[in-house]
Amino acid sequence: MDSKILDFIGLDIDPVYYIIGLLVICIGLLIFNIVTRHKITQLSRRYDRFLSGKNAETLEDAIVERFEQIEKLARISKKQQSEISQIQENMKIAYQKLGIVKYDAFSEMGGKLSFALALLDKENTGFVINAMHSREGCYTYIKEIVKGESYILLGNEEKQAVEMAINTDNYMVQKD
């Protein structure tokens, strides 16, 4: 087939090839159009589902309400962080280490009714209570512990209780 236009341009190719090429391009555009319409339909359905039962004013109210909730949660979170910091500070001075040693203070008494109890904080500061039980009564003594040391001489059971509290590996040991 002879074409004056193609001859004028300087292309000596049969016009059938041009027609076939244009047909392939049209089919490609048709497929692209179908895929695009399908995606737009899906997006339209999602948009309709999002706005179902709401007008622009109620949607705006819902968004404003969510932002208020987020701000409220941020305030609550900030308050809780402050409270957690305060609790952590209090934990540093709270008694958190314990050591107890039961023993017989007097040879005539059995049953290990006497004990030495040490309560220490994180810095190993606190006190040790020594309760000695006898037939006549119970005698209780308390001694201050500062950073694991006492300014007053400690008995063997008191030393054991303090060491136990410092190490906090054992809860209770009975002395034989």
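Residues numbered from 1 in each chain as written. Predicted model: local features only at pLDDT ≥ 70, side-chain atom pairs only at ≥ 80, totals over all residues. Heavy atoms only, no water.

The buried fraction of strand 1 (residues 97–103) is high, at five of seven residues. As defined by bridge partners, strand 1 adjoins strand 2 (residues 114–120) across seven bridges and the pair is classed as antiparallel. Residue pairing in the sheet places G99 in a bridge with A118 of strand 2. (Buried < 20%, exposed > 50% of the residue type's maximum accessible area, 1.4 Å probe, protein only. Helix = DSSP H or I, 4+ residues; strand = E, 2+ residues; numbered from the N terminus. Pairing = 2+ DSSP bridges.)

Another point: a negative patch on the surface. A cluster of acidic side chains, namely E60, D61, E65, E68 and E71, defines a negative patch on the protein surface. Relative to the elements of secondary structure, E68 occurs in helix 3 (residues 56–93). Relative accessible area serves as the criterion here: at 49%, E68 is assigned to the partly exposed category. (Patch = residues over 30% accessible without salt bridge, like charges linked within 9 Å, V, L, I, M, F, W, Y side chains within 5 Å. Areas by Shrake-Rupley, 256 points an atom, 1.4 Å probe, with all protein chains shown as cover. Salt bridge = Lys/Arg side-chain N within 4 Å of Asp/Glu carboxyl O. Lys, Arg positive; Asp, Glu negative; His and termini not counted. Charge placed at Lys NZ, Arg CZ, Asp CG, Glu CD.)

All right, on to unusual backbone geometry then. Negative phi is the rule for most residues except glycine; trans is the rule for most peptide bonds. Of note in the backbone geometry, N124 takes a positive phi value of approximately 60 degrees without being a glycine. With relative accessibility at 16%, the residue N124 sits in the buried group.

By themselves, these observations are geometric and do not establish any function.
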